[in-house]
Amino acid sequence: MSPSTTTAAQPKEARLRSYLREKATDGEMYFKSKFIADDVDLSPKEIGALMVKLKESASDLEIEKWSYTSATTWRVSPA
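What you see is a predicted model, and the numbers here were worked out from it, not measured in a lab.

A. Geometry of the environment of Leu16. Following the sequence through the fold, Leu16 ends up in helix H1 (residues 12-23). When its relative accessible area of 0% is taken as the criterion, Leu16 is described as buried. Note: C-alpha distance between Leu16 and Ile36 (20 residues apart in sequence) is 9.6 Å. Contacts of Leu16, omitting those with residues within four sequence positions, involve Ile36, Val40, Leu42, Ile47, Leu50, Met51 and Leu54.

Right, dumping it as structure tokens:
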């Protein structure tokens, strides 16, 4: 999903969840918020806050805080 395919009207959490679901369809993915920020049209700080929410609410995704080296790395896989 590129910034041109996201819409400002789509809620931030739904936009991030949709992006993660699409990227993790073939298995797990690892990422740092700063590297996907442009793809989902959110700031790295917004992504970090939303990841904590999604970890609790997204039953279709397994979300894990993987490591921290200069920024949090997240691991996402289909549930």
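B. Representation of the pairing of strand E2 (residues 61-68) within the structure. The sheet contact formed by E2 and strand E3 (residues 72-78) spans seven bridges and is antiparallel. Following the sheet pairing, Leu61 is matched in E3 by Pro78. Turn length for the E2-E3 hairpin, with the two strands adjacent in sequence and antiparallel, is three residues, and the turn residue Ser70 shows positive phi of about 70°.

Cut-off values and rules
- Residues numbered from 1 in each chain as written.
- Predicted model: local features only at pLDDT ≥ 70, side-chain atom pairs only at ≥ 80, totals over all residues.
- Heavy atoms only, no water.
- Helix = DSSP H or I, 4+ residues; strand = E, 2+ residues; numbered from the N terminus.
- Buried < 20%, exposed > 50% of the residue type's maximum accessible area, 1.4 Å probe, protein only.
- Contact = heavy atoms within 4.5 Å.
- Pairing = 2+ DSSP bridges.

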